Amino acid sequence: MRIILYTGKGGVGKTSVSAATGLLCAELGYRTLVMSTDPAHSLSDSFNMKLGAEPTEICDGLFGMEIDPFAEIEENWAAAKDYLTTLFASQGLDEVAAEELAVLPGMDELFSLLKVKQFYESKEFDVLIVDCAPTGATIRLLNFPEVLQWYMRRLFHVERYVVGTIRRFKREIFSVPLPDDAVFDTIQRMYANVDEMRDILLSSQVTTIRLVLNPERMVIQETRRAYTYLNLFGFHTDAIIANKVFPEEVADSYFSEWKRVQEAYLEEVEASFPNLPIFKVRFYEHEVVGIESLRKMAYETFGDSDPTRIFAQDEPMQVLKDSDGYALVLTLPFVSRSEVELYQKGDELIIRIGNFKRNIILPMTLARLEAVGAKFVEGKLHIRFADRRGAQRKAR
Ligand SMILES: Nc1ncnc2c1ncn2[C@@H]1O[C@H](COP(=O)(O)OP(=O)(O)OP(=O)(O)O)[C@@H](O)[C@H]1O
Ligand SMILES: [Mg+2]
């Protein structure tokens, strides 16, 4: 199966490009599902037909769906939610607020994304196109499994044991309700699902991310940042879709100035993403709604290329060995060394850039060594590891 995620700044054309790609895939004979995980759905508007929360047939071989996050929460999180609601209510919170708190921010989208795993396993479709929320939310979402993993590793295994013991012996002395097995099972199942989903999304043979942008300053900046963070978290980006490009034939003076500006920005886009193909899509004289418009968009975007192809393959994380020892290499374009903070704690390496933090569990070879320095070589961060017991742990 092939999974393609589209993300980009708000309003750049993610939904339209997702729908168009889906249509082209179906016309090339792939059984295709286009789904949106953005809670603000607009896939129905794009296809100009009502899509349900389950795959709805649009035309031959093409299906669409708009995930209902509330139904997903009920299905995946009910026992934990009920428990947390009772827990918060027992602490004096009113019922409605307690219920709100029982679902962590971002969890609704996380459960939506779990659908990816379900379809991957069911093998019902050859291609899955995911119309994601705008970049910021998508990156937080893609990083959520790692954050969750971190908490679970530290809290959960210990806690289940402790709670089990307490429950058996001392139930009466606690004023808070304790979680029962159904709650733990729910959490454990979710954890396992999220973990497996993460593997699917990180698999370079299956999943790639495409960044949709418009030739505008702010959009390009946000896209560059998104690309850095996607690399940081190990996701594979394989193309840029530059949408809403004014076509050649624009002649009137008002738009010809815009065209000139766009051309300059397109050069910047090309310079920013030298390893990625850039598919240009023109600014149509009308909105892109309905099968006919989407088909036109799809063929003009991809031409003769099969949109399911993996257009670029860059290894975001590698371990290199040379005479000095080992280096962990991460592709992190658009970042300077001073923006990167590194901390090592045992087998864990924490990389912080701005508001984002990644906890990398180091491979065995590196875990027994220490990070002793880091430098940038052509957009790649080389973190050097050496055997220096007792060396200063914080490598800056
Ligand atoms: N190449 C294009 N030419 C003309 N109109 C376009 C083009 N691409 C998208 N549009 C229109 O721009 C609007 C926004 O597009 P779309 O909904 O696909 O963006 P989005 O990135 O999904 O937005 P959101 O962030 O709100 O989800 C829609 O009305 C769409 O029809
Ligand atoms: Mg959209």
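Since we're looking at a predicted model, the values are computed, not measured.

A. Structural view of the overall build of the protein chain. The helix and strand tally for the protein chain stands at eleven helices and 15 strands. A compact globule built from 396 residues would reach a C-alpha radius of gyration of about 21 Å, and the protein chain, at 24 Å, matches this within 12%. Here the C-alpha coordinates of the protein chain stretch approximately 80 × 55 × 40 Å along the principal axes. The buried share of the protein chain, reckoned over its 396 residues, is 36%. Sequence-distant contacts in the protein chain: of pairs separated by 6 or more residues, those separated by 24 or more amount to 71%.

B. Up close: the site of ligand 1. In the vicinity of ligand 1 there are 19 residues, among which G13, K14, T15, S16 and E287 approach most closely. Taken together, the elements giving at least two residues each to the shell around ligand 1 come down to α1 (14–27) and β7 (237–245). Per-element tally for the shell around ligand 1: the top contributor is α1, with three residues. Per-class residue counts for the shell around ligand 1 are seven nonpolar, eight polar and four charged.

C. Structural context of the sheet that holds strand β3 (residues 56–59). The eight strands lie next to each other as β3-β4-β2-β5-β1-β6-β7-β8, forming an open sheet whose pairing is mixed. Both outer strands of the open sheet, β3 and β8 (278–282), are each paired with one neighbouring strand and no more. Across the sheet, the mean angle separating the axes of adjacent strands is 25° when strand polarity is ignored. As paired strands, strand β2 (residues 32–36) and strand β5 (residues 127–131) are joined by five bridges and run parallel to one another. By the bridge assignment, S36 is partnered in β5 with D131. Across the sheet, helix α5 (residues 107–122) lies against β1 (2–8), β2 and β5, angled at about 175° from β5, the strand it touches most.

D. Quick look at the environment of R225. When you line up the elements, R225 lands in helix α8 (residues 217–232). Here R225 falls in the partly exposed class, since 18 other C-beta atoms lie within 10 Å of it. Along the primary structure R225 and T135 are separated by 90 residues, whereas in three dimensions their C-alpha atoms are 9.2 Å apart.

E. Examining the packing of helix α3 (residues 69–90) against α5 more closely. Following both chains from N to C, one finds α3 and α5 inclined at 80°, their axes separated by 9 Å at the closest point. When the axis of α3 is compared with that of α5, the two are roughly perpendicular. Residues P69, E72, I73, N76 and W77 of α3 form the contact with α5, whose participating residues are M107, D108, E109, F111, S112 and L114.

F. Region of the structure containing the domain arrangement of the protein chain. For the protein chain, the assigned domains are domain 1 (1–313) and domain 2 (317–386). Contact residues are listed per partner, giving twelve residues for domain 1 and twelve residues for domain 2. Breaking the side of domain 1 that touches domain 2 down by element, the ones donating at least two residues are α6 (135–170) and α8. The element contributing the most residues to the side of domain 1 that touches domain 2 is α8, with seven residues. Partitioning the side of domain 1 that touches domain 2 into residue classes produces five nonpolar, four polar and three charged.

G. Region of the structure containing unusual backbone geometry. Of note in this structure, N48 is not a glycine but carries a positive phi near 60°. Its place among the elements puts N48 in the loop between α2 (43–47) and β3. Under the C-beta neighbour-count criterion, N48 is labelled partly exposed, with 14 such atoms within 10 Å. Although it is not a glycine, K244 adopts a positive phi angle of roughly 65°.

H. Spotlight on the sheet that holds strand β11 (residues 340–345). A sheet is described by the order of its strands in space; here three strands give the open sequence β11-β12-β13, paired in antiparallel fashion. With partners counted over all chains shown, the strands left at the sheet margins are β11 and β13 (356–361), one partner each. Taken over all neighbouring pairs, the strand axes of this sheet differ in orientation by 20° on average, direction set aside. With six bridges connecting them, β11 and strand β12 (residues 348–353) associate as antiparallel partners. If you follow Y343 over to β12, its bridge partner there is I350.

I. Expanded view of the nonpolar core. Residues L128, V130 and L213 are the most contacted members of the largest nonpolar core, which totals 92 residues. For L213, the residues in contact, after removing those within four places along its chain, are G8, K9, V12, V219, I220, T223, I240, A242 and V269.

Each value, and the rule that gives it
- Residues numbered from 1 in each chain as written.
- Chains lettered and ligands numbered in written order.
- Predicted model: local features only at pLDDT ≥ 70, side-chain atom pairs only at ≥ 80, totals over all residues.
- Helix = DSSP H or I, 4+ residues; strand = E, 2+ residues; numbered from the N terminus.
- Rg over C-alpha atoms; globule rule 2.2 N^0.38 Å.
- Buried ≥ 20, exposed ≤ 12 C-beta atoms within 10 Å, placed from the backbone.
- Contact = placed C-beta atoms within 7 Å.
- Near = placed C-beta within 6 Å.
- Nonpolar A, V, L, I, M, F, W, Y, C, P; charged D, E, K, R; others polar.
- Pairing = 2+ DSSP bridges.
- Axes fitted to C-alpha atoms, helices over the stretch in contact; angles between N-to-C directions.
- Parallel < 35°, antiparallel > 145°, perpendicular 65-115°, else oblique.
- Domains from an automatic or database assignment.
- Core = buried A, V, L, I, M, F, W, Y, C linked by C-beta atoms within 7 Å.

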